[in-house]
Amino acid sequence: MGIVIPFEVVRQDKAETEEETRIAQKESIYRGLIEQEAMKYGVSFEEVKTRWDEETRILDAKDPDFIEMVARRKGISPYEARLDTDIGFLQSLNKYAPDYREPGRFIN
């Protein structure tokens, strides 16, 4: 009959791990939430992403060990823990306080 070689070996790439797939899904969700914020205020994705990154940097400066603690508790990477935290916050913001942010703050 012959030797059966897995397709991934023939292609010479590695198959995506469960973690890589999970992170890709979370990145997609995160990007969609940022796009919703951009559409809500009529600004570009990059503007919202830049402001969100700045707010995240400020929060990280106040409590630098928070993401590490979440990552250890969940048994995931710090990057994935950051995605989880950001996604959770943006989903809560959209659900419980949709007008939390003043649209005028994006206009300078």
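Please refer to the structure higher up on the page.
Note that the structure is predicted; figures quoted are calculated from it, not measured.

What follows is about the overall build of the chain. In terms of regular secondary structure, the chain is built from five helices and zero strands. Counting helices and strands in the order they occur from the N terminus, the chain gives α-α-α-α-α. When each of the 108 residues of the chain is scored for burial, the buried share is 26%. Looking at the chain alone, contacts between residues at least 24 apart form 62% of all its contacts between residues at least 6 apart. By element, 57% of the accessible surface of the chain is carried by carbon and sulfur atoms, the whole surface being about 8000 Å².

This part is about the nonpolar core. Core analysis: the largest hydrophobic core is formed by 13 residues, its most contacted members being Y30, I34, V48, W52 and L90. Contributing elements (two or more residues each) for this core: α2 (18–41), α3 (45–62) and α5 (78–96). Tallying contributions element by element places α2 first for this core, with six residues. Grouped together as the second largest cluster of nonpolar side chains are five residues, I67, V70, A71 and I76 included.

For α2, which comprises 24 residues, the first-to-last C-alpha distance of 35 Å matches the rise-based estimate of 34 Å (1.5 Å per residue) to within 8%. The complete set of buried residues in α2 reads I23, K26, Y30, L33, I34, E37, A38 and Y41. On its buried face, α2 sits against α3 and α5.

Turning next to the packing of aromatic side chains. Tallying each qualifying case throughout the model produces one aromatic pair. The cationic tip of R31 hangs over the ring face of F45; the distance from NZ or CZ to the ring centre is 4.0 Å.

Attention now goes to the pattern of salt bridges. Considering all chains together, one arrives at 11 salt bridges under this definition. Taking the shortest distance from any N to any O, the salt bridge between K40 and E37 comes out at 3.2 Å. Separated by three residues within a single helix, K40 and E37 lie in helix α2, roughly one turn from each other. The exposure class assigned to K40 is partly exposed, which follows from its relative accessible area of 35%. For K74, the salt bridge identified is with D84, shortest N-O distance 3.2 Å. Here D84 lies in helix α5 and K74 lies in helix α4 (residues 66–74), a separation of 10 residues in the sequence. Via salt bridges that share partners, E18, R22, K26, K74, E80 and D84 belong to a single interconnected network.

So, about the side chain of E37. Taking the relative accessible area as the measure of exposure, E37 reaches 2% and is therefore buried. A polar contact is formed between the side chain of E37 and the side chain of K40, at a distance of 3.2 Å.

Quick look at α3 now. A rise of 1.5 Å per residue sets the reference length of α3, with its 18 residues, at 26 Å; its end C-alpha atoms lie 26 Å apart and thus fit the reference within 8%. Within α3, burial applies to F45, V48, W52 and T56. Here the buried residues of α3 occupy an arc of 70° about the axis, which is enough to place them on one side. The exposed set on the far side of α3, more than 90 degrees from its buried face, consists of E46, T50 and A61.

Scoring rules and cut-offs
Residues numbered from 1 in each chain as written. Predicted model: local features only at pLDDT ≥ 70, side-chain atom pairs only at ≥ 80, totals over all residues. Heavy atoms only, no water. Helix = DSSP H or I, 4+ residues; strand = E, 2+ residues; numbered from the N terminus. Buried < 20%, exposed > 50% of the residue type's maximum accessible area, 1.4 Å probe, protein only. Contact = heavy atoms within 4.5 Å. Areas by Shrake-Rupley, 256 points an atom, 1.4 Å probe, with all protein chains shown as cover. Core = buried A, V, L, I, M, F, W, Y, C linked by side-chain atoms within 4.5 Å. Expected span 1.5 Å × (residues − 1). Phe/Tyr/Trp six-rings, centres within 6.5 Å; stacked < 30°, edge-to-face > 60°. Lys NZ or Arg CZ within 6 Å of the ring centre and 35° of its normal. Salt bridge = Lys/Arg side-chain N within 4 Å of Asp/Glu carboxyl O. Polar contact = N/O pair within 3.5 Å; in protein donor to acceptor, adjacent residues only side chain to side chain. Arc of directions from axis to C-beta.

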